[in-house]
Amino acid sequence: MDLDYTPADDAFRAEIRAWLEANLPQAMRDKVLNHKRLSRDDIANWHMLLGKKGWSAPAWPAEWGGPGWTETQRHIWDAECGRIGAPMVLPFGVSMVAPVLMKYGNEAQKRRYLPRILSGEDWWCQGYSEPGSGSDLASLRTRSVREVDHYVVNGQKTWTTLGQHADMIFCLVRTDPEAKKQEGISFLLIDMKTPGLTVRPIITIDGHHETNEVFFDNVRVPVTNRIGEENKGWDYAKYLLGNERSGIARVGVSKMRVRHAKDLAKRVPCGDGVLWDDPRFRERVAAVEVELKALEMTQMRVIAESSAQESHVPDPKTSILKIKGSELQQLSAELLLEVAGPDALPLDIDFLRGLGDAVREPEWALTIAPNHYFARHVSIVGGSNEIQKNILAKSVLGL
Ligand SMILES: Cc1cc2nc3c(=O)[nH]c(=O)nc-3n(C[C@H](O)[C@H](O)[C@H](O)COP(=O)(O)OP(=O)(O)OC[C@H]3O[C@@H](n4cnc5c(N)ncnc54)[C@H](O)[C@@H]3O)c2cc1C
């Protein structure tokens, strides 16, 4: 197993670094580096810019318009995006439903949806969780009854991230209530503008509208929008979840936060000097940096192992990346909170949304607490960390 970068990798890094420097709009970069919320247009415009360059879907094969990068190149891409402060391309289309379409979709579905995902024309959201069906996803109750060439869907999804902007939702629905719970589920692609579909906001602890409830009231979905076979949706759902976990370590995001905490600590007054003079604070920073380095090496090992495999199947060891990655995203957000101290307390929603000037000083501290609160969700989404530990115990340790 070779974990060193080759001269070709270094040249690749230089190429994408130069492109990002030249093309990432400064205003967007400032928002990311200062933990401000991106607007719908920020997210969509960045996706479209990358789409034109052919870089919006780093993991896609060239056949469907991907750049054909190796796993190492994709890792370098993620690291460089984190370093410069590039927004993340939303995973729902590119890395969640697209791999399912490629593996299980029919030709018509692939030809219709994949190019629109790549270009950013369609915004997708994920309709898996329901009230009472999160970790125990297979207990989901949204019903789907077939009427000739349509399904009629009734029920509710919840926590649907950015569903308020979405054009399409991929949904798990129950098509056979009599079957064993994993065996009666189907995977549907639903147009968000279909009559009977309603989106209601859930405002989270950081004061933002990012998540939603989605209600289905006799929503008619063409049977041609079903992926694969009826009642086999659980197989496709599990495949998607494996892919979701592998993209969740986000080392670049945590590194960016630690770098920001260090920069700020060098100018935040503390005693007769600045916070950075405090050896206990520097020890805390060093401890997070050591853990981040270990996570990065683990990610490289998982990448090296999966590159050596013929077929790409999600590796249960990606659960380690999810657990450590989310813990470090939270720890690095906590470091920033420690730097800001009580200055982080005021909640100024208009300022966070870029709709007005800050009402309190220092301005940089106002984004820190919402960012810390929002980071709580990373150990819950994509299968909570407790569930990841169960997966590791069973699939990796054989317990
Ligand atoms: C900000 C945010 C965004 C989200 N976005 C989406 C989205 O876009 N689409 C979507 O479909 N879902 C989304 N989710 C939902 C997310 O996937 C679920 O919240 C998650 O699966 C946990 O389910 P739950 O909330 O029902 O908690 P529960 O399943 O009720 O779990 C509660 C607690 O019990 C623990 N627990 C449960 N079962 C076990 C077990 N067997 N062993 C050990 N511990 C266990 C859990 O780890 C957790 O700590 C989002 C959630 C959040 C917070």
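What this report covers is the structure whose coordinates are included nearby. What you see is a predicted model, and the numbers here were worked out from it, not measured in a lab. (Residues numbered from 1 in each chain as written. Predicted model: local features only at pLDDT ≥ 70, side-chain atom pairs only at ≥ 80, totals over all residues. Heavy atoms only, no water.)

Looking at the pairing of strand β5 (residues 185-191)
- Here β5 lies mainly inside the structure; six of its seven residues are buried.
- Bridge count for strand β4 (residues 168-174) against β5 is seven bridges, and the pairing is antiparallel. What sits directly across from L172, in β5, is F187.
- For β5 and strand β8 (residues 226-227), the ladder comprises two bridges, and the chain directions are antiparallel. Across the sheet, the residue bridging to F187 is I227, located in β8. (Buried < 20%, exposed > 50% of the residue type's maximum accessible area, 1.4 Å probe, protein only. Helix = DSSP H or I, 4+ residues; strand = E, 2+ residues; numbered from the N terminus. Pairing = 2+ DSSP bridges.)

Quick word on the environment of W64
- You can see W64 is positioned in the loop between α3 (40-53) and α4 (71-84).
- By relative accessible area, W64 is classed as buried at 19%.
- Sequence separation of W64 and P115 is 51 residues, and the distance between their C-alpha atoms is 7.6 Å.

Looking at the pattern of salt bridges
- Counted by the stated rule, this structure contains 23 salt bridges.
- Between E107 and R111 there is a salt bridge, with the nearest N and O atoms lying 3.8 Å from each other. One end of the pair, E107, and the other, R111, are both in helix α6 (residues 107-119), four residues apart, so they sit about a helical turn from each other.
- Looking at E107, the relative accessible area reads 43%, which means it is partly exposed.
- Note on R111: relative accessible area 54%, which makes it exposed.
- With a shortest N-O distance of 3.4 Å, R280 and D278 are connected by a salt bridge. (Salt bridge = Lys/Arg side-chain N within 4 Å of Asp/Glu carboxyl O.)

Some details on the nonpolar core
- F170, F187, L189 and I190 are the most contacted members of the largest nonpolar core, which has 53 residues in total.
- In this structure F170 touches F92, M96, V97, W124, C125, Q126, G127, Y128, F187, L188, L189 and L240, once residues within four positions along its chain are discounted.
- Core analysis: the second largest hydrophobic core is formed by 24 residues, V251, V285, L292 and L328 among them. (Core = buried A, V, L, I, M, F, W, Y, C linked by side-chain atoms within 4.5 Å. Contact = heavy atoms within 4.5 Å.)

Observations concerning α3
- Helix length check: α3 (14 residues) gives 20 Å between terminal C-alpha atoms against 20 Å at 1.5 Å per residue, within 8%.
- Listed in full, the buried residues belonging to α3 are D42, I43, A44, W46, H47 and L50.
- In this structure, the buried side of α3 is in contact with α1 (7-23), α2 (26-33), α4, α5 (91-104) and α6.
- Once α3 finishes, G54 follows within two positions and takes phi at roughly 90 degrees, a positive value. (Expected span 1.5 Å × (residues − 1).)

Here's the deal with the site of the ligand
- Around the ligand sit 17 residues, and of these S129, S135, T161, S384 and E386 come closest.
- Interatomic distance of 3.0 Å between a backbone N/O atom of Y128 and an oxygen atom of the ligand.
- Protein coverage of the free-state accessible area of the ligand, which is 970 Å², stands at 65%.
- If you tally residues by element for the shell around the ligand, the top one is helix α13 (residues 385-396), at three residues. (Near = heavy atom within 4 Å. Polar contact = N/O pair within 3.5 Å; in protein donor to acceptor, adjacent residues only side chain to side chain. Areas by Shrake-Rupley, 256 points an atom, 1.4 Å probe, with all protein chains shown as cover.)

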